[in-house]
Amino acid sequence: MNAMNIDCEILKHKHIIVCGDNINSLNILRSLGEKGITPFVIMQDEGHLPFLASSRYVREIIHVQGFEKALHKLLEFADDKCHPFVYLTDDNHLQVLDANYNLLKGKFYVFNADEQGRLSFYLDKEKQCLLAKETGFLVPGFEEVKRGQLPKSLKYPVITKTSNSYSAGWKRDVTICYSPDELMQAYSGMISERLLLQEYIEKTGEYSMQGVSINGGEEIYMPFERMYLRYTKTSFGGYMYYQPFHNKELEHKVQAMLKKIRFSGCFEIEFLVDKEKKLHFLEINFRFSASNYGVNNGGVNLPYLWAKSILQNTIDISGFHPKTERYYVMNEVTDMSSAKKVGYVTWLKQLLTAEGHSLFNSKDIMPFINWCLQKVKRKLCGSH
């Protein structure tokens, strides 16, 4: 099927983003829009400054309250002849759709592990760590515990994480504890019932790849590797570089892991880099991540490539022109907090010379303008 025919075929299908109102979702919308696709958006209102409504690429936003409501709305688009493509940007929606995969199968193209509930099983961080060890990755020591329980075998310091990324507290219950007393004190402010404790490794960077997997991992494609250049002990910053990915040994391990999961869809796999430049497995996301548009900046439109690969039953990168050199990307909203530490002149230079940005986009400028206006309005009104 030639490029014109596959484009026409893709445009026959509905495209639906099931998401919250955030930059991650906005940039999936933009990637699709740049290929002439105007998606429907089933969206949770998250209470912060809006992004998607002002984009030129959105066809219709369907507002919902609750992840089950999102599922019910999605099912209204079911088509057993011309399956809609479904794009996911968070684990909450992923878990609900995976738990109802039998309802979706044969009516939608959706990220899956070929069995209802199988992706939810591997959203559990302990299960991911066990599989990563089995696959041959270095994994920091770990134990899953109930809140208030001390680890039996880990060395301190430890870092605390929720047992999965769709439970309450998955962002806030992250801290580093250097002793049992510190851990017990940290528990008093947490809301998660179960946590994964991991031995804390001092990092010199965070490294990841984003890609496409089809036919249960039989074919994968990861065009670039990414390194965050700014980070804290417990999170990453907003300035990063991408460069072509050529590590075949690492690719084979990633593919082996995806084949064991039987995953089909778009993914991201993350590692921390220690002082000796060794990679330690952190997690794998079975969805798009917040920096998804950085891959697009490099010449590979991942959402479109996934749709194309599904229809052709193979990953065909003809028509794409991936960058062959390192390039830089900034999430300017997140990275503003680094300007003082980096130096305002240096930060401004990095902002202006970056190949891509998470919010500012000359092809779709209104979300940026609207965000700026809303920030000024809130500042004048005394709110945040």
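Here goes a summary of the coordinates provided.

Rules used in this analysis
- Throughout, a residue's number is its position along its own chain's written sequence, starting from 1.
- Totals for whole chains, interfaces and linings use every residue, but because this is a predicted model, local features are given only for residues with pLDDT of at least 70 and side-chain atom pairs only at 80 or more, for both listing and counting.
- Note that the side-chain values use all heavy atoms of the structure and ignore hydrogens as well as water.
- The aromatic pairing rule takes the rings of Phe, Tyr and Trp, using the six-membered ring of Trp, and pairs them if the centres are within 6.5 Å, calling planes under 30 degrees apart stacked, those over 60 edge-to-face and the rest tilted.
- Secondary structure elements are defined from DSSP: runs of H or I of at least 4 residues count as helices, runs of E of at least 2 residues count as strands, and each element is numbered from the N terminus.
- Here's how the labels work: a residue is buried when its accessible area is under 20% of the maximum for its type, exposed when over 50%, partly exposed in between, all with a 1.4 Å probe on protein chains only.
- At least two bridges found by DSSP between two strands are what make those strands a pair.
- With axes taken as lines fitted to C-alpha atoms, and helix axes fitted only over the stretch in contact, angles between N-to-C directions fall between 0 and 180 degrees.
- Note that the term roughly parallel is reserved for angles under 35 degrees, roughly antiparallel for angles over 145, roughly perpendicular for angles of 65 to 115, and oblique for everything else.
- Should the near helix be turned anticlockwise from the far one by less than a right angle, the crossing is termed left-handed; should it be turned clockwise, right-handed.
- Throughout, a residue-residue contact means that at least one pair of heavy atoms, one from each residue, lies within 4.5 Å.
- In this classification, the charged set is Asp, Glu, Lys and Arg, the nonpolar set is Ala, Val, Leu, Ile, Met, Phe, Trp, Tyr, Cys and Pro, and all remaining amino acids, among them Gly, are polar.

What follows deals with the packing of aromatic side chains. Throughout the structure, instances matching the rule amount to 20 aromatic pairs. Between the aromatic rings of F111 and W306, the centroid separation amounts to 4.8 Å while the plane-to-plane angle is 85°, which identifies the pairing as edge-to-face. Taken together, the positions of F111 in the loop between α5 (101-104) and α6 (118-123) and W306 in helix α11 (residues 302-312) put the pair 195 residues apart, joining distant regions of the chain. Relative to F271, the ring of F137 has its centre 5.4 Å away and its plane inclined at 55°; by these criteria the two rings are tilted. A residue pair is termed long-range when its members are at least 10 positions apart, and F137 in the loop between α7 (125-135) and β5 (142-146) and F271 in strand β13 (residues 265-274) qualify at 134 residues.

So, on to the pairing of β13. β13 sits mainly inside the fold: ten of its ten residues count as buried. Where β13 lies against strand β14 (residues 279-285), six bridges are found, and the strand directions are antiparallel. Residue pairing across strands places F271 opposite F281, the latter belonging to β14. A loop of four residues connects β13 with β14, the two strands running antiparallel in sequence, and K277 in this loop sits at a positive phi of about 70°.

Once that is clear, we can look at the packing of α7 against helix α9 (residues 248-261). The contact between α7 and α9 brings their axes to 10 Å, and the two run at 130°. In terms of orientation, α7 lies oblique with respect to α9. In the crossing of α7 with α9, the sense of the turn from one axis to the other is right-handed. Here Q128, L131, A132, E134 and T135 of α7 lie close against α9, whose contacting residues are K253, A256, M257, K260 and I261. Per-class residue counts for the contact of α7 with α9 are five nonpolar, two polar and three charged.

Most of strand β11 (residues 224-228) is tucked away: five of the five residues are buried. The two faces of β11 match: F224, R226 and Y228 on one face and E225 and M227 on the other face are all buried. Here four bridges tie strand β9 (residues 203-214) to β11, and the two strands are oriented antiparallel to one another. Bridge pairing in β11 links E206 to Y228. As paired elements, β11 and strand β12 (residues 239-244) share five bridges and run antiparallel to each other. The residue bridging R226 from the neighbouring strand is Y242, located in β12.

From the geometry alone we can't say anything about function, so treat these as descriptive.
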